[in-house]
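Each chain is listed here by its residues.
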Amino acid sequence: MDPDAVAKAFVEHYYSTFDANRPGLVSLYQEGSMLTFEGQKIQGSQNIVAKLTSLPFQQCKHNITTVDCQPSGPAGGMLVFVSGNLQLAGEQHALKFSQMFHLISNQGTYYVFNDIFRLNYA
């Protein structure tokens, strides 16, 4: 399977789900998964989704600028690095962000083992 195609499909799925139905992200994480969100570490699928659903905005739209990926480890994992703009409802200016995912292969599918998110302030 082409890593670039997997990364692109994952990114499209992740951000469309985030923008439309954040609780639906729970299936992309497992209990050993970790999110670092603006320096705060959160572990476990339920805790991660609780953090994402508690963010101080309800509506947003991610516009992806770049997606880079590399194979990771002998078990078919993948690193995916994303940059883009986050447009919040009612805000004139978009926020720039970067996000890194470490995807782990699991019986033909992938789950997010590590997720690091940062806003990029100019």
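Definitions and limits used
- Residues numbered from 1 in each chain as written.
- Predicted model: local features only at pLDDT ≥ 70, side-chain atom pairs only at ≥ 80, totals over all residues.
- Heavy atoms only, no water.
- Pairing = 2+ DSSP bridges.
- Helix = DSSP H or I, 4+ residues; strand = E, 2+ residues; numbered from the N terminus.
- Axes fitted to C-alpha atoms, helices over the stretch in contact; angles between N-to-C directions.
- Contact = heavy atoms within 4.5 Å.
- UniProt positions renumbered as here; feature names shortened; annotations may be inferred.
- Buried < 20%, exposed > 50% of the residue type's maximum accessible area, 1.4 Å probe, protein only.
- Arc of directions from axis to C-beta.
- Phe/Tyr/Trp six-rings, centres within 6.5 Å; stacked < 30°, edge-to-face > 60°.

Q: How should I be thinking about the sheet that holds strand β6 (residues 109-120) in this particular structure?
A: Working definition: the strands of a sheet are paired by backbone hydrogen bonds and lie parallel or antiparallel to each other. Spatially, six strands are ordered β2-β1-β6-β5-β4-β3 in an open sheet, and the strand pairing comes out mixed. At either end of the open sheet lies a strand with only one pairing partner, and these are β2 (40-43) and β3 (60-72). The mean angle between the axes of side-by-side strands here comes to 15°, regardless of whether they run parallel or antiparallel. In this sheet, β6 lies alongside strand β1 (residues 29-37) in parallel orientation, the contact comprising five bridges. Note on β6: the bridge partner recorded for T36 is I116. Along the sheet, helix α1 (residues 3-20) contacts β1, β3, β4 (77-88), β5 (95-106) and β6; its crossing angle with β3, the most-contacted strand, is approximately 150°. Contacts from helix α2 (residues 45-53) reach β1 and β2, with the element oriented near 35° to β1.

Q: What should I look at first to understand the UniProt feature "domain: NTF2" (unreviewed entry) in the protein in this one?
A: The positions UniProt marks with the feature "domain: NTF2" (unreviewed entry) are residues 6-119. Between the end C-alpha atoms of residues 6-119 the distance is 25 Å, and the span holds 21% helix and 54% strand.

Q: Explain α2 here, please?
A: What sets the pattern is the α-helix's 3.6 residues per turn: residues three or four places apart point alike. Every buried residue belonging to α2 is among S45, I48, V49 and L52, and all of these are buried. Buried positions in α2, seen along its axis, are confined to an arc of 95° and lie on one side of it. On its buried face, α2 is in contact with α1, β1 and β2.

Q: Is there a simple way to think about the packing of aromatic side chains in this case?
A: For any pair of aromatic rings, geometry is given as the distance between the ring centres together with the angle between the planes. In total, this model carries nine aromatic pairs according to the counting rule given. A centroid spacing of 6.3 Å and a plane angle of 35° characterise the contact between Y14 and F18, whose relative ring orientation is tilted. On the criterion of helical spacing, the pair formed by Y14 and F18 is a turn pair, its members being four residues apart in helix α1. Since its relative accessible area comes to 7%, F18 is described here as buried. Where F37 meets F117, the ring centres are 4.8 Å apart and the plane angle is 5°; that geometry is what we call stacked. One end of the pair, F37, is in strand β1; the other, F117, is in strand β6, and 80 residues separate them in sequence. Like F117, F37 is buried.

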